[in-house]
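# Overview (structure and organization)
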Amino acid sequence: MNMNRYQRQIQLEDVGPSGQEALAKAKVLVVGAGGLGSPILQYLAAAGVGTLGVADMDTVALSNLHRQLLYSTQDVGKPKVLAAQERLKSLNPEIEIKTYPEGVHTENIMPMIVSYDLIIDGTDNFSTRYLINDACVKSNKAWIYGALFKHQGQFALFNHRGGPCYRCLYPKPPAAGEVAGCNILGVLGTVAGIIGLQMAHLALQTIIWPEEVPNRSVFYVNQQNFSVQHLKMDKNQSLCDNVQSDSWELPQTNAVTNCDSPPNTLSLKEALLLDQALFLDVRDTEEQPKIASVDLQIPVRELELRLKELDKEKTYIAFCKSGQRAKAAATLLKEHYFEAVYALSASAQHLKNAIENENSTTNEVY
Amino acid sequence: MELTLKYFGRIAELTGKTEEIRSAAVETVDELDSVLRREYPGLSMATYTIAVDHEIVQPSFPLKTKVEVALLPPFSGG
């Protein structure tokens, strides 16, 4: 280890060589390499965290780049874990980067987290967050939480040295579609960066000063007025005991979409069998791939203003890249008394492939 | 009693304000919550936890005058 690289942090008397040694020995898994994950990975790599795991199933999109400064324009279309690994290696070749291009899901999380000391949640959905919480409680691992809502953010360290877990704060996930994420609401890159850096800082504190880091607190940040609320919370011992017991099963996530599991979700096969249904593309207009035969396109954030373009008598299947915005769109239409609306769990790419296959088969027959 | 109420995230959108000072004849957090749900019907469909003077508390927590009560929803984006 070239100590010169870390000289300015080792100079801090409460870090010193022993703090740097602790960082070098630390193994941290970052789940989700997006708006929060990017700054977390960059700063932990630069600080010399010895082993960094990156779990994400997404590819880099142009609309990510304003807040995910880990990636460059030429990375668009590449798997995030590979683009991240490349960039982090050039930032700090002394550390080990492990990649998990399948992301985390119910089946792989327990064996994945066993080799890490600290887990960081940079995901954008509740099903993965509750999965991370429950897996960490069962495995007795500390984890750092962070999430965004427009110009606001939350962060906390959970399950550390007998402290509370996420379920002690919110025992159950909200209803599907109740709380939207950045893909729908939008976010400034700086807000994602600020919360990501708070989480990264909490990680450094946890590694260097495990006994002093706040483990019974949750922080609410509002960047509109630059306020930070520091809230104390207690552990709900019986709830944590329940989660830890063998009878408590890990929540199911959809490995394909990592979306909140909703009612009214259709698989690709189900969607194609649905008679008279219209496909509704709720992605932004510039998103790829384009699907020529799709009936309608209304980006989800415009949907509420453009309801007049839809007919309540008809059946709609909303789709997007991951299924998440499709679910939000279906929920929104339900709220506006559309009866037959569904969200496609498969991606636009899968839909395009299936439609094209179907057409080529039809051509062969006739 | 006089209470300072603070609303975060989506809760601020449901109530149409980020903060208000009001007097209410309530003795516990739960009673205050019922009053607020009547006034802001959107709250009954929302998930949130409640803090009194910067501590997350249970519904039965007794309220004193001049306290600050915060309604805190979970966030999702990342």
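Because the structure is a prediction, the values reported are computed rather than measured. (Residues numbered from 1 in each chain as written. Chains lettered and ligands numbered in written order. Predicted model: local features only at pLDDT ≥ 70, side-chain atom pairs only at ≥ 80, totals over all residues. Heavy atoms only, no water.)

The helix and strand inventory of chain A stands at 13 helices and 13 strands. In terms of overall dimensions, chain A is globule-like: its C-alpha atoms have a radius of gyration of 22 Å, near the 21 Å expected for 366 residues. For chain A, the spread of C-alpha atoms along the principal axes amounts to about 75 × 45 × 45 Å. Counting across all 366 residues of chain A, residues that qualify as buried make up 53%. (Helix = DSSP H or I, 4+ residues; strand = E, 2+ residues; numbered from the N terminus. Rg over C-alpha atoms; globule rule 2.2 N^0.38 Å. Buried < 20%, exposed > 50% of the residue type's maximum accessible area, 1.4 Å probe, protein only.)

It is worth spelling out the domain arrangement of chain A at this point. Residue and element names in this part refer to chain A. You can read the domains of chain A as domain 1 (3-244) and domain 2 (265-365). Computed from C-alpha atoms alone, the centre-to-centre distance between domain 1 and domain 2 is 33 Å. At the junction of the two partners, domain 1 supplies eight residues and domain 2 supplies eight residues. Summed over both sides, the interface between domain 1 and domain 2 buries roughly 710 Å², with carbon and sulfur atoms accounting for 57% of that surface. Summed over the three residues of domain 1 that lose the most area to domain 2, namely G177, N183 and I184, the buried surface amounts to 54% of that side. Here domain 1 and domain 2 share one salt bridge between them. Here K321 ties to D58 by a salt bridge, and the two come within 3.5 Å at their closest N and O atoms. (Domains from an automatic or database assignment. Contact = heavy atoms within 4.5 Å. Buried area = accessible area lost by both parts, 1.4 Å probe. Salt bridge = Lys/Arg side-chain N within 4 Å of Asp/Glu carboxyl O.)

Let us now look at the sheet that holds strand β11 (residues 296-297) of chain A. Residue and element names in this part refer to chain A. If you trace the five strands from one edge of the open sheet to the other, you get β9-β13-β12-β10-β11, paired in parallel fashion. Two strands lie at the open edges of the sheet, namely β9 (265-266) and β11, each paired on one side alone. Both strand β12 (residues 315-319) and strand β13 (residues 341-344) contribute to a ladder of three bridges, which runs parallel. When the sheet's bridge partners are listed, Y316 is paired in β13 with V341. (Pairing = 2+ DSSP bridges.)

Time to look at the packing of aromatic side chains. Residue and element names in this part refer to chain A. All chains considered together, the criterion is met by 15 aromatic pairs over all chains. With a centroid separation of 4.9 Å and 40° between ring planes, the pair formed by Y145 and Y166 is classed as tilted. Pair noted here: Y145 is in strand β5 (residues 142-149) and Y166 is in helix α7 (residues 166-169), with a separation of 21 residues, a long-range link. By relative accessible area, Y145 is classed as buried at 0%. (Phe/Tyr/Trp six-rings, centres within 6.5 Å; stacked < 30°, edge-to-face > 60°.)

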